[in-house]
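Here are the chains, one letter per residue:
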Amino acid sequence: STASAKKLTIGLIPGDGIGREVIPAGKQVLQALPSQFGLNFEFVDLNAGFDYFKKTGTALPEETVQILKQSCDGALFGAVSSPTTKVAGYSSPIVALRKKMGLYANVRPVKWVEGVGRPVDMVIVRENTEDLYIKEERIFEKDGQKVAEAIKRISENASKKIGKIALEIALKRQKVRELGGSSLHTSPSITVVHKSNVLSVSDGLFRETVKGVYQSDLARYGSIEYKEQIVDSMVYKMFRQPEEFDVVVAPNLYGDILSDGAAALVGSLGVVSSANVGDDFVIGEPTHGSAPDIEGKGISNPVATIRSTAMMLEFMGYQEPAAKIYAAVDANLKENKVVTPDLGGNSTTQEVVEDIIKRL
Ligand code: ATP
Ligand code: MG
């Protein structure tokens, strides 16, 4: 670090299980970034998670939220274990955090390792604040039988915001291509996912609103090809011809399902990153869970977290160090030598971290 380096404060929220093994990987990579980028990192360890809930009765202490808001420039979130049966008083801290920090977009890139598996290079942009996830459910009786209902809410405001960020991501990906970044695509496209043949009012509003954002600024977005897919046909095409998709934008539930499905295209959950993005904050988050089956063995794949760390930097506006990290990860995967058991290797988490750092 140099005297003129810019200081960035990063909140680290390891959470549960292997979250505690992979978050240090993200930290080490940031610390190892070459000084040419002029960044200097400071870290704050923050509590959240199911284990923390069991100790204290709260899964997300107010202090964590306050420190993120007041002192942090960005954050990394590991994983939380989800109890399989409902535990009184417990609800997911990452869901709460997204709400409290205004992180309305979940951005999940899915990119192949050249030569391994299907060619795919897409990013799923999932709306993260509404749809069925508002959890307005009720149960009542009719003719002596139970009936359950859940409300699906789609607003013009949230649809506009997600449409805009998806279009901006399409432009940003194009810029990276022009700078020589590797990509399957030669030109940008956006695919709006919906089911408005059935849900013409709610999904209809989503589709019309995103389309409206695109059409209202063709001077800016005209170079992007605009496409639409009904969600069921989207699933089919995503597995048959994944190479066709660049940026995919979807309401919350379809985005959730598509994201996990897309992860299956690239081999292991251990390499799939994400970012929770708002207008003024970003939290990088590997998409895998707390993986109790491999906890404590030192073999969790750190790649998802390292890529999420690069995504965090990217959305904070630091494209160059982010690109450097992506390239180091791609090179490690392409060589396919120092990789963890989920990718068929026999290296440890720390060995993979060191191999990637060497390539920075
Ligand atoms: P949770 O309830 O926290 O989601 P889970 O049991 O569903 O836990 P996941 O973390 O979702 O576990 O993982 C599903 C499978 O993928 C597990 O077999 C796990 O070992 C494997 N896996 C997940 N993440 C990684 C990783 N980073 N490295 C290696 N294997 C992983
Ligand atoms: Mg899981």
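The name given to the chain in an unreviewed UniProt entry is homoisocitrate dehydrogenase, and the organism recorded there is Brettanomyces naardenensis. The chain has a UniProt comment under Catalytic activity (unreviewed entry) that states "(2R,3S)-homoisocitrate + NAD(+) = 2-oxoadipate + CO2 + NADH".

Visitor: Would you mind going over the overall build of the chain with me for this structure?
Guide: Counting its regular elements, the chain contains twelve helices and twelve strands. Taking 360 residues into account, the globule formula puts the C-alpha radius of gyration at 21 Å, and the chain, at 20 Å, falls close to it. Taken along its principal axes, the extent of the C-alpha atoms in the chain is 65 × 50 × 40 Å. Evaluated residue by residue, the chain yields a buried proportion of 45% over its 360 residues. Considering only residue pairs separated by 6 or more positions, the chain has 73% of its internal contacts joining residues 24 or more positions apart.

Visitor: Please clarify how the nonpolar core should be interpreted in this entry.
Guide: Membership of the largest hydrophobic core comes to 92 residues, with the highest contact counts inside it found for V125, A166, V248 and V249. The element best represented in this core is helix 10 (residues 303-315), accounting for eight residues. If sequence neighbours within four positions are ignored, V125 has contacts with A105, V107, I162, I165, A166, I169, V247, V248 and V249.

Visitor: Sorry, what's going on with the pairing of strand 10 (residues 247-250) here?
Guide: In summary, the side chains of a regular strand alternate between the two faces of the sheet. Here strand 10 shows a buried face lined by V247 and V249 and a second buried face lined by V248 and A250. The sheet contact formed by strand 8 (residues 189-194) and strand 10 spans three bridges and is parallel. Each residue of the ladder has a partner; that of V192, found in strand 10, is V249.

Visitor: Would you explain the site of ligand 1 in this entry?
Guide: Near ligand 1 there are 18 residues, and of these G270, H288, G289, S290 and N301 occur at the shortest range. Looking at the shell around ligand 1, its residues break down into seven nonpolar, nine polar and two charged.

Visitor: Hey, could you run me through the environment of M312 in this one?
Guide: Summarising the element assignment, M312 is placed in helix 10. Taking C-alpha positions, M312 is 20 Å from R359, a pair spaced 47 residues apart along the chain. The contact partners of M312, leaving out residues within four places of it in the chain, are G74, L76, A275, V282 and G284.

Visitor: Help me understand the pairing of strand 8 in this model?
Guide: Counting buried positions over the six residues of strand 8 gives five, a clear majority of the element. Strand direction decides the pairing type here: strand 8 and strand 9 (residues 225-230), joined by six bridges, are parallel. Directly across from H194, in strand 9, lies its bridge partner I230.

Visitor: Help me out: how do you make sense of helix 11 (residues 319-335) in this one?
Guide: In an α-helix, one turn spans 3.6 residues; hence positions three or four apart end up facing the same way. Over its 17 residues, helix 11 runs 24 Å from end to end, which matches the ideal 24 Å to within 8%, given 1.5 Å per residue. For helix 11, the complete set of buried residues consists of P321, A322, K324, I325, Y326, A328, V329, N332 and L333. Residues of helix 11 that are buried in the fold lie against helix 1 (19-31), strand 2 (39-45), strand 4 (105-113), helix 10 and helix 12 (349-358). Of the residues one or two after helix 11, N336 is the one with positive phi, at around 55°.

Visitor: How do you make sense of unusual backbone geometry when you look at a structure like this?
Guide: Note: most residues except glycine have negative phi, and most peptide bonds are trans. At K135, a residue that is not glycine, the phi angle is positive and equals roughly 55°. In this model, N336 sits at a positive phi of 55°, which is unusual for a non-glycine residue. The topology assignment puts N336 in the loop between helix 11 and helix 12. Take N336: there are 13 C-beta atoms within 10 Å of it, and that puts it in the partly exposed class.

Visitor: What am I meant to see in helix 9 (residues 252-263) here?
Guide: Compared with an ideal rise of 1.5 Å per residue, which puts twelve residues at 16 Å, helix 9 spans 17 Å between its outermost C-alpha atoms and is within 8% of the ideal. Where helix 9 is concerned, the buried positions are N252, Y254, G255, L258, S259, A262 and A263. In an axial view of helix 9, the angular spread of the buried residues amounts to 160°, which keeps them on one side of the axis.

Visitor: What exactly am I supposed to notice about the packing of helix 1 against helix 12 here?
Guide: Any two packed helices are characterised by the angle at which their axes cross and by the distance between the axes. Following both chains from N to C, one finds helix 1 and helix 12 inclined at 20°, their axes separated by 10 Å at the closest point. Compared by their axis directions, helix 1 and helix 12 come out roughly parallel. Crossing of helix 1 against helix 12: the hand is right-handed. Residues E21, A25, Q28 and V29 of helix 1 form the contact with helix 12, whose own contacting residues are T349, V353, I356 and I357. When grouped by side-chain class, the residues that make up the contact of helix 1 with helix 12 number five nonpolar, two polar and one charged.

Visitor: How do you make sense of the packing of helix 11 against helix 12 when you look at a structure like this?
Guide: Between helix 11 and helix 12, the least distance of the axes is 8 Å, while the angle of their chain directions is 120°. Looking at the two axes, helix 11 sits oblique to helix 12. For the element pair helix 11 and helix 12, the recorded crossing hand is right-handed. Residues A328, V329 and N332 of helix 11 lie in contact with helix 12, whose contacting residues are V352, D355 and I356. For the contact of helix 11 with helix 12, the residue count by class is four nonpolar, one polar and one charged.

Rules used throughout
- Residues numbered from 1 in each chain as written.
- Chains lettered and ligands numbered in written order.
- Predicted model: local features only at pLDDT ≥ 70, side-chain atom pairs only at ≥ 80, totals over all residues.
- UniProt positions renumbered as here; feature names shortened; annotations may be inferred.
- Helix = DSSP H or I, 4+ residues; strand = E, 2+ residues; numbered from the N terminus.
- Rg over C-alpha atoms; globule rule 2.2 N^0.38 Å.
- Buried ≥ 20, exposed ≤ 12 C-beta atoms within 10 Å, placed from the backbone.
- Contact = placed C-beta atoms within 7 Å.
- Core = buried A, V, L, I, M, F, W, Y, C linked by C-beta atoms within 7 Å.
- Pairing = 2+ DSSP bridges.
- Near = placed C-beta within 6 Å.
- Nonpolar A, V, L, I, M, F, W, Y, C, P; charged D, E, K, R; others polar.
- Expected span 1.5 Å × (residues − 1).
- Arc of directions from axis to C-beta.
- Axes fitted to C-alpha atoms, helices over the stretch in contact; angles between N-to-C directions.
- Parallel < 35°, antiparallel > 145°, perpendicular 65-115°, else oblique.
- Left-handed = near helix turned anticlockwise from the far one by under 90°.

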